[in-house]
Structure formats: structure tokens, C-alpha cells
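Architecture at a glance
Single-letter residue listing:
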Amino acid sequence: MSAFVLPALAVVACAGSDPEDGGRAGAGSSAAGQAGSVAQAGAAPQGGSVSTGRGGEGVGGGAAGASGSIAAAGSAGSSGAGNAAAGGTGGTSATGGAGAIGGSSGQGGSGGGGGISGSSDIAPGLDGLRVDDPCAGTPDTSTGAVCNHAMPTGAGFKSAKDVTIAGTPGTTYDVTLRIRGIVEPTQIDGGMRLDTTTFKYQNMTWRKVPFTIGGTVNRGDYSQWRITVANPKQEYFLNDYQTVGHYIFALDYQVTIQVAANSKLTLDGTDTNEREIVNYEKYTIDGIPGSMNYGQFIQCNVISVKPH
């Protein structure tokens, strides 16, 4: 399954059209009941114990429903501050993430399997995986400006971080990621584009979701941001706008990729020259740290992990 959420892309025009080298939780649901359901007690009077719900009364009660439905919390027990209440009878836990929360204190039971609650076991270190390419010195922040890489490698820049997927041997997982960051555009030849929608800006055509599976780099002098999976072997380009120039973009979209158990996943940024486009618009992205010294970055967060 490949799930895309179209981002609100921020695009800013440069002063000219010269190329860069010319001067530049998704928690799963849980049914009410004993098997893996989660209920949380509401506020209760001081002293005593919280009453146990049963099939439609008390904390965690509610009629049994189809697998995957969320159990609404009943009223709090007669006494006891924040103690966990037992789940009501009836219903089974749904496959998914953390169970439903019914009240305001004292969690009881356990969540269903899979979803984001299971991702920390299957994909340790992947949630929050991030690579930064900060600017060196005191960068110019005028429109279309470039800066030198703060951490150059030879004539250009290369930084990579990797994690190893756990899970059941022989199982391939659908890993849904939220991709966020500040990037310059690149251009990839070939490959597969699951989303081909575009928009016009400055008389140029840009991809709304610049995600490409496979392909070859057309312009190495513009940074490529990518995820590489060892098994099944694949490259995923994250900033393939199919157009280049002195522009800066704010990314926020979701994609689903396949990763086998015990396989390595690598996030990297690569540039073949010494410069990058500055975050001259000073873009920020809600919920995560911004650019380091007006540079670029990509951060991945796990939405869900489940068998393919």
C-alpha cells in the first residue's frame, strides 16, 4: 500500500534562473473487552477503589462490537484516584496500535499489536531519523542565495544515517513514513512516480509530492535526499521535483515503503559541489526542529509498521 498525503509546499522564487553551480500516531483501534482493550478511568472521588465495568457499565464498558471498534469509556467508579479499571466483558482487541483511552487517569489493559505501538520494536531508531546539511559561516539569506556546506566531504557533501529493521525473519513490512524537511529541488531520470500531480510557479512546473522510486540522478550539483533499503533493494528519492533552480521547499508528505526484517535502511543527503541553496525564507515545520544555520534537512517519522 502506498499512502500519500499532499503537502502544503512552500516555494520561493530566486532572483534568476542560473543553476546552482553557476553561483549558488497513527495508533490502531481497539475493541471493548478483555482481550487487549485499553480503558482509562475518569476522575474519581478520593478513597476506595474503582469499580469494574461489565459489558456496558462502569469504566471501560460498552457493548462488544466488531473487531477494531473503539470502546467508549463508561463513568468513573465510585472512589479511588487514578486507579486502573478492568475492561468490560465482551469484545476482542483489534489489530492496531495503542488501545482507546476512555477517561482521564489510570490506564488499564494493553493495546493491540502492530500500528505505531509496535514500530518501536520492529523499527527501532527509525522514528525521528534525521540528516542535516547546515550552512557554514554566516549565510546570505537574500532570495536565491547559496552557502557552503558546513560539513563538506571532498568537493561536495555526503551525510548518511542508517537503522536496521527488526521483526520476524522472512517477513517484509509496509513502513509508512512522514517525510518532513527543508530542501532544494533535484531532478531524477526514470524511476516510478506514484503521484504525478503538479503545480505551476514562476512559469515552471513542480511536483506536489516529489517522491520517486528508483531512477538515476540527472543533476548531481543539486542535492539529492533519499532513502535506500537493502532488502528488498531499492532507492527512494525524496526531493525529485523534476525541475531545478535556486528555490527552496518545505516538505511534509507521507509514503509507504517496503523493508524486510533484519534489513538496513539508510537516509542520506548528497551533493557533488560545495554549495547548497539557503533556507532564505526561514521556513519552519511544526513539531520538529528547524534548519541548522539556514541549511537543509530531512526527518522521517514512523506512522505505522505492518506486515506487507
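Residues numbered from 1 in each chain as written. Predicted model: local features only at pLDDT ≥ 70, side-chain atom pairs only at ≥ 80, totals over all residues. Heavy atoms only, no water.

Thoughts on the sheet that holds strand β16 (residues 264–271)
- The strand order across the open sheet formed by 5 strands is β6-β16-β13-β14-β11, and the pairing between neighbours is antiparallel. In this open sheet, the two edge strands, each paired with only one partner strand, are β6 (157–164) and β11 (212–213).
- Direction of pairing for β11 relative to strand β14 (residues 234–237): antiparallel, over a ladder of 2 bridges. Each bridged residue has a counterpart across the sheet, and for I213 the counterpart in β14 is Y236. (Pairing = 2+ DSSP bridges. Helix = DSSP H or I, 4+ residues; strand = E, 2+ residues; numbered from the N terminus.)

Here we look at unusual backbone geometry
- Here the amide bond leading from N231 into P232 is cis, since omega sits at -10 degrees, within 30 degrees of zero.
- Tracing the backbone shows P232 in the loop between β13 (224–229) and β14.
- In the Ramachandran plot, N262 falls in the positive-phi region, its phi being about 65 degrees despite a non-glycine side chain.
- By relative accessible area, N262 is classed as exposed at 56%.
- The backbone of N293 sits at a positive phi, close to 55 degrees, despite the residue not being glycine.
- One can find N293 in the loop between β17 (275–277) and β18 (296–307).
- A residue is classified by how much of its surface remains accessible, and N293, at 32% relative accessible area, is partly exposed. (Buried < 20%, exposed > 50% of the residue type's maximum accessible area, 1.4 Å probe, protein only.)

Looking at the nonpolar core
- With 37 residues, the main nonpolar core has L126, I227 and I257 as its most contacted residues.
- Sorting the residues of this core by element identifies β4 (129–133), β7 (172–183), β13, β15 (249–260), β16 and β18 as the ones contributing at least two each.
- Here this core gets 6 residues from one element, more than from any other, and that element is β15.
- When neighbours within four sequence positions are excluded, L126 is seen to be in contact with V163, I165, V175, L177, L265, C300 and V302.
- Counting 13 residues, the second-largest nonpolar core is a separate cluster that includes C147, A250, Y283 and I288. (Core = buried A, V, L, I, M, F, W, Y, C linked by side-chain atoms within 4.5 Å. Contact = heavy atoms within 4.5 Å.)

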